[in-house]
Amino acid sequence: MKTFETIKYEVNNGTAIITINRPQVYNALNVQGKLDIISGIKEANKDATVRSIILTAEGKAFCSGQDLNDRTVDASKGPVDIGHTIETEWNPLIEAIRTSDKLVIGAIQGVCAGAGLSVALACDMKIAAPGVRFISGFSQIGLAPDAGMSFMLVRQMGYTKALEFALLGKPLLSEAMLEYNFINSIAENPLQDAVKLATEINNLAPLSVKMVKKNLQYANEKELGDVLSREKYVQRMLGFSQDYKEGVAAFLEKRKPQFKGQ
């Protein structure tokens, strides 16, 4: 069995379980974290014994998005091109989940924030624990939603509510996410319920599962590539702004940011 640096990977009864394992940083993803999840999904798709995939995490958070400390290290060499980060790291991760031939079930036990929310929403089916907080958070550090979040928010919430959620940073709890059809169900033990759901899927015809997923995605998401490209362009611009630099500094220093529109 292949081993990974930032995730746990195991196969049980036809289901590959990928567990993000960086609880010390609330499962924020550095470069290796994203690469490991992508590799885990590819490994599961190559394994003929695997019929479904569960993506979950250790600790209090499902995923808190970009590891800002990881990005700050790069910033010591000069301004970071966030558009490049999105193009080479986040977009491939989202696309790996969305293009997986085998269904990806998110077992969301804790908070999802920033691009971590994009990862959760990219899963084909989602089960969340009660009261889990789902947070955009981008505008609070001078950025805009990325990794496909703009696409997914507008389709589920409509423009008006999506704009409110994306700008104001107020979390939505699992119960509200269920009302918006972002998630399939709420369970005290989301991983346990995800395993039960995966077992049902594993008993279906694999080609049928694959084609139902692809057909429904085509019906709903044929413009996703355009949204991903625009998000990359906007985030690249914002990533070079002084407001983003201030937002990250304030986040790391645990203070309120002072934005100047620059």
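Note that the structure is predicted; figures quoted are calculated from it, not measured.

Engineer: If you had to explain the pattern of salt bridges to someone new, which residues and values would you point to?
Structural biologist: One pass over the full model with this rule turns up 13 salt bridges. The partner of Asp-67 in a salt bridge is Arg-22, with the nearest N and O atoms 3.1 Å apart. Taken together, the residues span a long stretch of sequence, with Asp-67 in the loop between β4 (61-63) and α2 (68-75) and Arg-22 in the loop between β2 (15-20) and α1 (31-46) at a distance of 45 residues. As a salt-bridge pair, Lys-232 and Glu-87 come within 3.5 Å of each other at their nearest N and O atoms. Placement of Lys-232 in helix α10 (residues 224-239) and of Glu-87 in helix α3 (residues 82-99) is noted, with a sequence separation of 145 residues between them.

Engineer: Just give me the short version of the environment of Leu-55, but keep the residues and values in it.
Structural biologist: Examined against the element boundaries, Leu-55 turns out to sit in strand β3 (residues 52-57). Taking the relative accessible area as the measure of exposure, Leu-55 reaches 2% and is therefore buried. Distance from Leu-55 to Gly-40, taken between C-alpha atoms, is 9.8 Å for residues 15 residues apart in sequence. Residue contacts for Leu-55: discarding those within four places in its chain leaves Ile-18, Ile-20, Ile-37, Phe-62, Ile-97, Val-104, Ile-105, Gly-106, Ala-107, Val-119 and Cys-123.

Engineer: Outline the nonpolar core, supporting the account with residue identities and numerical values.
Structural biologist: Generally speaking, nonpolar side chains in soluble globular proteins are found buried as a group. Residues Leu-55, Phe-62, Phe-134 and Leu-153 are the most contacted members of the largest nonpolar core, which totals 62 residues. When residues of this core are assigned to their parent elements, the largest contribution, 7 residues, is made by α3. In terms of nonpolar packing, the next biggest core, distinct from the first, is built from 12 residues, Ile-54, Ala-194, Leu-197 and Ala-198 among them.

Engineer: Which residues make up a nonpolar patch on the surface, and what values do they have?
Structural biologist: A surface patch of nonpolar side chains, about 500 Å² in accessible area, is lined by Val-154, Tyr-159, Leu-163, Leu-167 and Leu-168. No other element matches the 4 residues that helix α6 (residues 159-168) contributes to the nonpolar patch. Topologically, Val-154 is positioned in helix α5 (residues 149-157).

Engineer: Quick rundown of the sheet that holds strand β8 (residues 133-135)? Include the residues and the values.
Structural biologist: Across the sheet, 4 strands lie side by side as β4-β6-β8-β9; this open sheet has mixed pairing. What marks the edges here is a single partner per strand, and that holds for β4 and β9 (172-173). Note that β4 and strand β6 (residues 111-113) share 2 bridges and pair parallel. Each bridged residue has a counterpart across the sheet, and for Ala-61 the counterpart in β6 is Val-111.

Engineer: Can you tell me about the sheet that holds β2, naming the residues and giving the values?
Structural biologist: Neighbouring strands of a sheet are bound in pairs by backbone hydrogen bonds; such pairs are parallel or else antiparallel. As summarised here, the arrangement of the 6 strands in space is β1-β2-β3-β5-β7-β10, forming an open sheet in which the pairing is mixed. Looking at which strands have only one partner, the edges of the open sheet turn out to be β1 (7-12) and β10 (185-186). Bridge count between strand β5 (residues 104-108) and strand β7 (residues 125-128): 4 bridges; the pairing is parallel. Among the inter-strand pairings, Ile-108 is bridged to a residue of β7, identified as Ala-128.

Engineer: For the pairing of β7, give the residues involved together with the corresponding values.
Structural biologist: Direction of pairing for β7 relative to β10: parallel, over a ladder of 2 bridges. Following the sheet pairing, Ala-128 is matched in β10 by Ile-186.

Parameters at a glance
Residues numbered from 1 in each chain as written. Predicted model: local features only at pLDDT ≥ 70, side-chain atom pairs only at ≥ 80, totals over all residues. Heavy atoms only, no water. Salt bridge = Lys/Arg side-chain N within 4 Å of Asp/Glu carboxyl O. Helix = DSSP H or I, 4+ residues; strand = E, 2+ residues; numbered from the N terminus. Buried < 20%, exposed > 50% of the residue type's maximum accessible area, 1.4 Å probe, protein only. Contact = heavy atoms within 4.5 Å. Core = buried A, V, L, I, M, F, W, Y, C linked by side-chain atoms within 4.5 Å. Patch = residues over 30% accessible without salt bridge, like charges linked within 9 Å, V, L, I, M, F, W, Y side chains within 5 Å. Areas by Shrake-Rupley, 256 points an atom, 1.4 Å probe, with all protein chains shown as cover. Pairing = 2+ DSSP bridges.

These values are about where atoms sit, not about what they do.
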